[in-house]
Amino acid sequence: GQNRTAPDFTLADAAGRRVRLRDYRGKVVVLHFWTVTCRPCIEELPELEELARVLKGRAGIELLTVTVDENWDRVRPFLGGQSNLRVLFDPERTVVEGRYGTRLFPETWVIDPRGIIRARFDGARGWNEILAIAVEYFESLR
């Protein structure tokens, strides 16, 4: 993560609401980049759903996913009926590539409450296998 300040951004969510990263200051942010054309991304989605479900009840930790796909209609078939994931859209890749330099998916960044990048994980994770360890790590950053 290089302990640098996470680049701020504003992206639209599935409902078209604008979401700014800096609005999450004071919280640990798990920022996940993905796309539907990435097989490991799709295979990882059920485990990200479980991570989102577990984190939902934890104060001070947010999971945000950013897809480079065009819109909700494109990603909806790949998510469960009642998805726990907060999905933001960056079809022009101005945030994913332009600000974070991500070209290969999936990629997960962990940002502390002060906005400092503490970790970056390249590739899919077996979130279910490391769920307790991951949550403990995220909580340690609060």
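The preceding data block contains the structure.
Note that the structure is predicted; figures quoted are calculated from it, not measured. (Residues numbered from 1 in each chain as written. Predicted model: local features only at pLDDT ≥ 70, side-chain atom pairs only at ≥ 80, totals over all residues. Heavy atoms only, no water.)

Participant: I would appreciate a short explanation of the nonpolar core in the present structure.
Facilitator: Most often, soluble globular proteins keep nonpolar side chains buried together rather than apart. Leu31, Leu51, Tyr100 and Phe138 are the most contacted members of the largest nonpolar core, which totals 47 residues. Mapped by element, the contributors of at least two residues to this core are strand 3 (28-34), helix 1 (39-56), strand 4 (61-67), strand 5 (86-89), strand 6 (107-111), strand 7 (117-122) and helix 3 (131-140). The dominant element in this core, judged by the number of residues it contributes, is helix 1, at seven residues. When near neighbours in sequence (up to four residues on either side) are disregarded, Phe138 contacts Val28, Val30, Leu51, Leu55, Ile61, Val110 and Trp127. (Core = buried A, V, L, I, M, F, W, Y, C linked by side-chain atoms within 4.5 Å. Buried < 20%, exposed > 50% of the residue type's maximum accessible area, 1.4 Å probe, protein only. Helix = DSSP H or I, 4+ residues; strand = E, 2+ residues; numbered from the N terminus. Contact = heavy atoms within 4.5 Å.)

Participant: I tried to follow the packing of aromatic side chains on my own but got confused; where do I start?
Facilitator: Enumeration over the complete set of coordinates arrives at five aromatic pairs. Centre to centre, the rings of Phe33 and Tyr100 are 5.3 Å apart; their planes meet at 65°, and the pair counts as edge-to-face. One end of the pair, Phe33, is in strand 3; the other, Tyr100, is in the loop between strand 5 and strand 6, and 67 residues separate them in sequence. Considering the side-chain rings of Tyr137 and Phe138, the 6.0 Å spacing of their centres and the 55° angle between planes classify their relative orientation as tilted. Accessibility expressed as a relative area gives 29% for Tyr137, which makes it partly exposed. A relative accessible area of 1% places Phe138 in the buried class. Against the face of Trp109 rests Arg120, its NZ or CZ located 5.6 Å from the ring centre. (Phe/Tyr/Trp six-rings, centres within 6.5 Å; stacked < 30°, edge-to-face > 60°. Lys NZ or Arg CZ within 6 Å of the ring centre and 35° of its normal.)

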